[in-house]
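Understanding the architecture of this molecule
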Amino acid sequence: GTLPANMILVIFLSALLTLCTPSPFLTSYQDIPLNKDTPTSSLLPYQDTIQLITKQGYGSEKHTIVSDGYHIQLHRILSPEQVQGVVLINHGFLADSACWVYGPPESSLAYLLSSAGYDVWLTNRRGNMYARVHDTLDPDDEETKKAFWDFSIDDTGPMDLANVID
């Protein structure tokens, strides 16, 4: 599962410009006190990226890459059409891959691209819910959480995105 480098069209949005639609669940659950022991599955009707894609009738795949010890999930929307190229979509600041698939297929960029025949890959960044696993560090452990969170955009861009493409 690596992406062919010669077929990649990268859409990289900065933290200042994100076209993601906010989660319809954020306002519904904003008053629920959460801690590390509160499983997100208890916040129904929460659905993860793969569930959201499947709900809209698209095929999907989950892939995991390891970059600097961080296990980062990628989500792929399988095109119902003959593949014309590959599109890699990266979310903005404080978001995740689900932000591209919250809306209806006729107005969400990821679905529009897939329906147009593109092989769509949705990335995630270190620390979001799809990238909270590390080979040796735990984001919730008092002894290792500082090291887990010790990264910047300078790491997530050149290092993690390069590993996604490779």
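All of these numbers come straight from a predicted model, not from anything done at the bench. (Residues numbered from 1 in each chain as written. Predicted model: local features only at pLDDT ≥ 70, side-chain atom pairs only at ≥ 80, totals over all residues. Heavy atoms only, no water.)

**What to know about the overall build of the chain**
To keep things clear, this is the line we draw: Elements are defined by DSSP. Helices are runs of H or I of four residues or more, strands are runs of E of two residues or more, and each kind is numbered from the N terminus. Burial classes: relative accessible area under 20% of the type maximum marks a residue as buried, over 50% as exposed, and values in between as partly exposed (1.4 Å probe, protein chains only). We call two residues in contact when some of their heavy atoms are within 4.5 Å. Calculation of accessible area relied on Shrake-Rupley with a 1.4 Å probe; when residues are assessed, cover is drawn exclusively from the protein chains displayed.
The helix and strand inventory of the chain stands at 4 helices and 6 strands. Each helix and strand of the chain, placed in order from N terminus to C terminus, yields the pattern β-α-β-β-β-α-β-β-α-α. For the chain, buried positions account for 41% of its 166 residues. Taking as baseline every contact in the chain between residues at least 6 positions apart, the subset at least 24 positions apart corresponds to 69%. Accessible area for the chain stands at about 9,400 Å²; split by element, carbon and sulfur atoms hold 55% of it.

**Quick word on the nonpolar core**
Rules: As used in this record, nonpolar core signifies buried Ala, Val, Leu, Ile, Met, Phe, Trp, Tyr and Cys residues forming a set joined through side-chain atoms within 4.5 Å.
With 17 residues, the main nonpolar core has Ile53, Ile77, Ile89, Val101, Ala110, Val120 and Leu122 as its most contacted residues. Within the residue set of this core, elements represented by two or more residues are helix H1 (49-55), strand E4 (85-90), helix H2 (109-115) and strand E5 (118-122). Of the residues forming this core, the biggest block, 3 residues, is contributed by H2. In this structure, Leu122 is in contact with Thr49, Ile53, Gln73, Leu74, His75, Ile77, Ile89, Ser97, Trp100, Val101 and Ala110, ignoring residues within four places of it in sequence. Core analysis: the second largest hydrophobic core is formed by 12 residues, Leu74, Leu88, Leu137 and Val164 among them.

**As for helix H4 (residues 153-165)**
We apply this condition: Take the residue count of a helix, subtract one, and multiply by 1.5 Å to get its expected span. What the arc describes is the spread of directions from the helix axis to the C-beta atoms.
In a regular helix each residue adds 1.5 Å, so 13 residues correspond to 18 Å; H4 covers 17 Å between its end C-alpha atoms and thus fits that length. Inspection of H4 places Thr156, Gly157, Asp160, Leu161 and Val164 among the buried residues, and these make up the whole buried set. The arc that holds the buried residues of H4, viewed along the axis, is 120 degrees, so those residues lie on one side. Facing away from the buried surface of H4 by more than 90 degrees, the exposed residues are Asp154 and Pro158.

**Some points on the side chain of Asn128**
Basically, it comes down to this: Within 3.5 Å is the distance limit for a polar contact, defined as a pair of N or O atoms, with the added protein rule that one can donate a hydrogen and the other accept it, and that residues adjacent in sequence qualify only through two side-chain atoms.
Relative to the assigned elements, Asn128 resides in the loop between E5 and strand E6 (133-134). Since its relative accessible area comes to 11%, Asn128 is described here as buried. Only 3.3 Å separates the side chain of Asn128 from the side chain of His91, close enough to count as a polar contact. Ignoring anything within four residues of it in the chain, the contact list for Asn128 reads His91, Ala95 and Asp96.

**Examining unusual backbone geometry**
Its identity is not glycine, yet Asp68 carries a phi of approximately 55 degrees, on the positive side. Tracing the backbone through its elements, the reader meets Asp68 in the loop between strand E2 (59-67) and strand E3 (70-78). When its relative accessible area of 45% is taken as the criterion, Asp68 is described as partly exposed. One non-glycine residue, Leu94, adopts positive backbone phi at about 60 degrees. Mapped onto the elements of the fold, Leu94 is located in the loop between E4 and H2. For Leu94, a relative accessible area of 78% gives the class exposed.

**Quick notes on the pairing of E2**
Selection criterion: Criterion used throughout: strands pair if DSSP finds at least two bridges between them.
Bridge analysis of E2 against E3 gives 9 bridges, and the strand direction is antiparallel. Note that in E3 the partner of Glu61 across the bridge is Arg76.

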